[in-house]
Amino acid sequence: MKFKGIIFDLDGTLVNSLEDISDAMNSVLTSLNYPTHTYDTYQYFIGSGLRNLVSKALPASNNSDDQIEICFASMVNEYREICTLKTKPYEGIVELLNNLALQNIKMAVFSNKADELTKKIASEIFPNHFDAAVGLSTEALKKPNPFEAVEISKKWNLKPEEILFVGDSDIDMQTAVNANMFPVGVTWGYRTQEELKNSGAKLVINSASELIDIL
């Protein structure tokens, strides 16, 4: 099978956004006199959307739906201002995207980050690289729901099996399996190789350059 398109996860796959996300949430927690968390802890909060991250970061005694919604709104406001402050592409990613563009491989981003923020980060850090950058607009469409991935394949006029789905988490691998795309896990993100393989990864890579070999 010759792969003609690639859908990338964003956080932990294309960019290391851990510090900006953590700093924004810790700012909200500090304002409420709640305990903050380390970057290492936030590594395990990332992947299911910012609302989910807020819920995990709040103390168990202050985790009502109302409190989550209030803190989520505050966190997004904080994060919107700093979302590209410390966030950087992982090593070799820019070179990879340039190489793929030369091969006329179609590329898109599909993230569980809010749609507005996904588009902002993708366009500012990787201008003109992606045909589409899709984030979370409706909770029901959150990964591992494959709907948005399949919609991208339709826009490209490609079969799902002609597309690589590249991500760093179990949720990404489950999304790829659900979309009937080829799941590729990356080890430089926020999860382990074992977790990726157990979640359906058909291939796990340790560097961006390895993706070129697949194609």
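Structure: see above.
Let me begin by describing the structure that accompanies this report. Keep in mind that this is a model prediction, so the values were computed, not measured.

Describing the overall build of the protein
- When helices and strands are tallied, the protein shows 10 helices and eight strands.
- Over its C-alpha trace the protein gives a radius of gyration of 17 Å, about what one expects of a compact globule, namely 17 Å for 215 residues.
- The principal-axis extent of the C-alpha atoms belonging to the protein is close to 55 × 30 × 30 Å.
- Taken across its 215 residues, the protein has 49% of its residues classed as buried.
- Partitioning the contacts of the protein with sequence separation of at least 6, the portion at a separation of at least 24 is 65%.
- With the model as given, the accessible surface of the protein reaches about 9,800 Å², and the carbon-plus-sulfur share is 49%.
- Seen as two clouds, the 19 positive and the 29 negative side-chain charges of the protein have centres 6 Å apart.

So, the pattern of salt bridges
- The tally for this structure, following the rule as stated, stands at 14 salt bridges.
- Residue K113 pairs with D11 through a salt bridge whose shortest N-O separation is 3.3 Å. One end of the pair, K113, is in strand β4 (residues 106-114); the other, D11, is in the loop between β1 (5-8) and β2 (15-16), and 102 residues separate them in sequence. The same class applies to K113 as to D11, namely buried.

Focus: helix α8 (residues 170-179)
- Listed in full, the buried residues belonging to α8 are I171, D172, M173, T175, A176 and A179.
- At its buried positions, α8 is contacted by β4, α7 (147-156), β6 (163-167), β7 (182-186) and α9 (193-198).
- Of the residues one or two after α8, N180 is the one with positive phi, at around 65 degrees.

Digging into the state of the cysteines
- Using the criterion set out here, one finds zero disulfides in the structure.
- Considering cysteine sulfurs only, C83 is the nearest to C71, which forms no disulfide, with 20 Å between them.
- In this structure C83 comes out as buried when scored by relative accessible area, which is 1%.

Considering the packing of aromatic side chains
- Per the counting criterion, the structure on display carries five aromatic pairs.
- Ring centres 6.3 Å apart and planes at 70 degrees place the aromatic pair F8 and F130 in the edge-to-face group. Residue F8 is located in strand β1, and its partner F130 is located in the loop between α6 (115-125) and β5 (132-136); the two are separated by 122 residues in the primary sequence.
- On the basis of an interplanar angle of 85 degrees and a centroid distance of 5.9 Å, the ring pair of F126 and F130 is categorised as edge-to-face. F130 carries the same exposure label as F126, and that label is buried.
- Every member of this aromatic cluster is reached through a ring pair, and the members are F8, F126 and F130.
- Lying over the aromatic face of F72, R51 brings its terminal NZ or CZ to 4.1 Å of the ring centre.
- Positioned over the ring face of F110 is K143, at 5.5 Å from the centre of the ring.

Scoring rules and cut-offs
Residues numbered from 1 in each chain as written. Predicted model: local features only at pLDDT ≥ 70, side-chain atom pairs only at ≥ 80, totals over all residues. Heavy atoms only, no water. Helix = DSSP H or I, 4+ residues; strand = E, 2+ residues; numbered from the N terminus. Rg over C-alpha atoms; globule rule 2.2 N^0.38 Å. Buried < 20%, exposed > 50% of the residue type's maximum accessible area, 1.4 Å probe, protein only. Contact = heavy atoms within 4.5 Å. Areas by Shrake-Rupley, 256 points an atom, 1.4 Å probe, with all protein chains shown as cover. Lys, Arg positive; Asp, Glu negative; His and termini not counted. Charge placed at Lys NZ, Arg CZ, Asp CG, Glu CD. Salt bridge = Lys/Arg side-chain N within 4 Å of Asp/Glu carboxyl O. Disulfide = S-S within 2.5 Å. Phe/Tyr/Trp six-rings, centres within 6.5 Å; stacked < 30°, edge-to-face > 60°. Lys NZ or Arg CZ within 6 Å of the ring centre and 35° of its normal.

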